[in-house]
Amino acid sequence: MARAGLAGAVRVARWADRALRPGTGPLRGVAGASGAGAGDENGSGAGTGSENGSGAGTGGKNASGKATGGANASAKGTGGANASGKATGGATASGKGTGGAHASGKGPGSDNATDNGTGGDNGSGRAVGALSDAAAERAARELDVTVHQLRADWDTARLAGLVEVHGAVARPGWRLRAWDRDDAAVLRGWVALFDAWSLVHPAPAELPPATVAETVEAVPQLLSFLQLSAGPVPVPQLLDLLDQRVRELRTERCEIPYGPQAVPEPRSPDATVPPGTDPGADPLDATPPLPALLDWALHALASVGALTCDDGQATLTPLGSWAVWVKLEQICVAAQSPAGHIEQSAEDMLRGCARLRPNAARSEYRAWLAARDAGSAITELLDAARGEDALLRGLAFEALRVVGAPAEPDVRAVVDETPLRPYALLWLAEHEGTDPEDVHLVLTREESTWLWVDTAAAVADHGEAELLVRHLDSAPQPTVPALIDEVRTVGHPRTVQVLVALAAAHPDPALAKAVRRAAFQVHTGGV
């Protein structure tokens, strides 16, 4: 079902990979617009709380300004995806109107902006990552579809991670490469699309942006109710639940201004009251257009295949039920953090896991990851790995093994960083299915020696002297003298400390003396 729902997106992504790639380089052909567009997998905004959602916040990836939150946030500034903004901004000004991917504003725009204020570097008025007109027309002609359908499939491919856009360059995502051989990649791609439902089917412009954002934030509760009901649910029942959740959100927000407030003028006895309006009602408690908002949300979720709406009832599809169940399971896993590190930073979490047994540590990694979107978690782990503590470096890549395939692009990107290179190469070899006994063969002799020194530094800092001596058995060199010779030239910043610690721990006086001599030579720059 997931493959069928994304068939059009896969088709256009493969066409782009084949037709727009210059030689062996990355595929090109996306518009050069720099306006804020629909958020990608790592965009922020109130969503369904999955690997890509990040709670209530400003709209899509490039959004800025004050907002109630979510992918459809109301903002003053450069609007997010579907955000309403009032700005005279720079090259990405959205003007006064609905900014972002579906913008049509009337503001002053920028030097390069089009008349409608949605400007971009090429004046096409299209969002970041949209195909250029020439590429879209060519693709539509070759794939025998309309340009409108082609652009919709392209947007779906981006949201599902089948295509990754970097500026004016697009590359095939890892999910596209794994599509035919990895069912998990297909499911993750559909979940990414499911998370972006409010971008796939944007809210009508006439709906108030603030209440749209509240609806986006309330949808996870509606989906949970549908999943627990395990059958059709009348739309009026969902409407009552939505109304209750929106009121709860407003109560939780409860923004009370500080300082003296103006006293409202008393209503004139002769003032007319609109029919059906309570003259004593709080204007902030005015009923939002919830039926229209619910109708939009249900149809948007139906458009991505998460549910069906028939005869005044909504029912989760098997795929939608599975996705909601997975998210509920993630919440439960996060709530059962074995060692209680779920709210800590990656570095503190890894330090806390250092003395846990491997299975317990992996459980803690899973709980910590379940509470975060994949992108930010991977970034945090790699930042921790770049620190001076070699132990955290090794543990960070153990946690990345729990992340799995979503971490591949980021791990591949750090291969050229010397401290991370051996760990990244081993991670990639394991991920690509290399036999565990042959994984070490992906490293050169120099890289293996660097990794040995790094691991020895972790043992010296956190282990016992006996462990450091036993660590000699894992050296890539057949003899200790050969190891010392190569360690002196590998250039690891902890070489001297490792050699000094090894000399102090080794029971053989002659060998300890040779190690101390090597440490002194490295320290003084001698040969």
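Quick caveat, the model's predicted, so the values are computed rather than measured.

Visitor: For this particular structure, what's the right way to read the overall build of the protein chain?
Guide: A count of helical and extended segments in the protein chain gives 22 helices and nine strands. For the protein chain, buried positions account for 46% of its 527 residues. As presented, the protein chain carries roughly 26000 Å² of accessible surface, and 53% of it is formed by carbon and sulfur atoms.

Visitor: Sorry, what's going on with the pattern of salt bridges here?
Guide: Once the charged atoms of two side chains with opposite charge are near each other, the side chains can pair. The tally for this structure, following the rule as stated, stands at 20 salt bridges. Residue E142 is joined to R138 by a salt bridge in which the shortest nitrogen-to-oxygen separation is 3.1 Å. Of this pair, E142 and R138 both sit in helix α3 (residues 133-143), separated by four residues, roughly a single helical turn. Look at R138 and you get partly exposed, because its relative accessible area is 31%. We note a salt bridge from E398 to R401, for which the minimum N-O separation is 3.3 Å. Note that E398 and R401 are positioned in helix α15 (residues 390-403) at a spacing of three residues, about one turn of the helix. Overall, the relative accessible area of 34% leaves E398 in the partly exposed class. Classification of R401 as partly exposed rests on a relative accessible area of 30%.

Visitor: Looking at this structure, I do not really get helix α17 (residues 421-431). What am I missing?
Guide: Each full turn of the α-helix corresponds to 3.6 residues, which orients residues three or four apart in the same direction. By the criterion of burial, α17 is predominantly enclosed, with eight of the 11 residues buried. The set of residues buried in α17 consists of P422, Y423, A424, L425, L426, W427, L428 and A429. Looking at the buried positions of α17, the neighbouring elements they touch are α15, α16 (408-413) and α18 (445-462). G433 occupies a position one or two residues after α17 and carries a positive phi of about 90°.

Visitor: Where do I start with the sheet that holds strand β7 (residues 233-234) in this structure?
Guide: Whether parallel or antiparallel, the strands of a sheet pair through hydrogen bonds between backbone atoms. Spatially, the three strands line up as an open sheet ordered β7-β9-β8, and their pairing is antiparallel. Of all the strands in the sheet, the pair left with one neighbour each is β7 and β8 (307-310). Bridge count between β8 and strand β9 (residues 313-316): four bridges; the pairing is antiparallel. Residue pairing across strands places D310 opposite Q313, the latter belonging to β9.

Visitor: Quick question: what am I supposed to make of unusual backbone geometry here?
Guide: Comment: phi is negative for the bulk of residues other than glycine, and the bulk of peptide bonds are trans. In this model, A230 sits at a positive phi of 55°, which is unusual for a non-glycine residue. Relative to the assigned elements, A230 resides in the loop between α8 (209-229) and β7. Look at D311: it is not a glycine, yet its phi comes out positive at around 55°. Topologically, D311 is positioned in the loop between β8 and β9.

Visitor: Sorry if this is basic, but what is going on with the packing of aromatic side chains here?
Guide: The relation between two aromatic rings is expressed through the spacing of the ring centres and the mutual angle of the planes. Counted according to the given criterion, the structure contains three aromatic pairs. Note on W197 and W296: the rings are 5.1 Å apart at their centroids and 45° apart in plane angle, and the pair reads as tilted. Linking W197 in helix α7 (residues 197-200) with W296 in helix α10 (residues 290-303), this pair joins segments that are 99 residues apart in sequence. Both residues of the pair, W197 and W296, belong to the buried class. Centre to centre, the rings of F397 and Y423 are 5.6 Å apart; their planes meet at 20°, and the pair counts as stacked. Taken as a pair, F397 in helix α15 and Y423 in helix α17 lie far apart in primary sequence, 26 residues in all. Neither residue differs from the other here; F397 and Y423 are each classed as buried.

Visitor: For this particular structure, what's the right way to read the side chain of T495?
Guide: Within the element layout of this structure, T495 appears in helix α21 (residues 495-505). Its relative accessible area of 3% is what places T495 among the buried residues. Discounting residues that sit within four places of it in the chain, T495 has contacts with V453, V487, V490 and V522.

Visitor: Just to check I follow, could you spell out the nonpolar core for this structure?
Guide: Proteins that are soluble and globular tend to have nonpolar side chains buried together. By size, the foremost hydrophobic cluster in this structure holds 62 residues, and its most contacted members are L162, F194, W197, L223 and W296. Of all the elements, α10 adds the most residues to this core, at eight residues. M349, A407, V414 and Y423 belong to the second largest nonpolar core, which has 36 residues in total.

Visitor: What is the right way to read the packing of α8 against α10 from this model?
Guide: If you want to describe how two helices pack, look at the angle between their axes and the distance between the axes. At a minimum axis distance of 10 Å, the contact between α8 and α10 shows a crossing angle of 60°. One way to sum up the angle between α8 and α10 is to call them oblique. Like other packed secondary-structure pairs, α8 and α10 cross with a definite hand, here right-handed. Residues T211, V212, T215, V216, V219, L222 and L223 of α8 pack against L293, L294, W296, A297 and L301 of α10. Of the residues that constitute the contact of α8 with α10, the class distribution is 10 nonpolar, two polar and no charged.

Visitor: When you look at the packing of α21 against helix α22 (residues 509-524) in this model, what are you seeing that I'm missing?
Guide: The N-to-C vectors of α21 and α22 enclose an angle of 160°; their axes lie 8 Å apart at closest approach. One way to sum up the angle between α21 and α22 is to call them roughly antiparallel. Taken as a pair, α21 and α22 cross one another with a handedness that is left-handed. Residues T495, V496, L499, V500, L502 and A503 of α21 pack against A512, V515, R516, A518, A519, V522 and H523 of α22.

Conventions adopted
- Residues numbered from 1 in each chain as written.
- Predicted model: local features only at pLDDT ≥ 70, side-chain atom pairs only at ≥ 80, totals over all residues.
- Heavy atoms only, no water.
- Helix = DSSP H or I, 4+ residues; strand = E, 2+ residues; numbered from the N terminus.
- Buried < 20%, exposed > 50% of the residue type's maximum accessible area, 1.4 Å probe, protein only.
- Areas by Shrake-Rupley, 256 points an atom, 1.4 Å probe, with all protein chains shown as cover.
- Salt bridge = Lys/Arg side-chain N within 4 Å of Asp/Glu carboxyl O.
- Contact = heavy atoms within 4.5 Å.
- Pairing = 2+ DSSP bridges.
- Phe/Tyr/Trp six-rings, centres within 6.5 Å; stacked < 30°, edge-to-face > 60°.
- Core = buried A, V, L, I, M, F, W, Y, C linked by side-chain atoms within 4.5 Å.
- Axes fitted to C-alpha atoms, helices over the stretch in contact; angles between N-to-C directions.
- Parallel < 35°, antiparallel > 145°, perpendicular 65-115°, else oblique.
- Left-handed = near helix turned anticlockwise from the far one by under 90°.
- Nonpolar A, V, L, I, M, F, W, Y, C, P; charged D, E, K, R; others polar.

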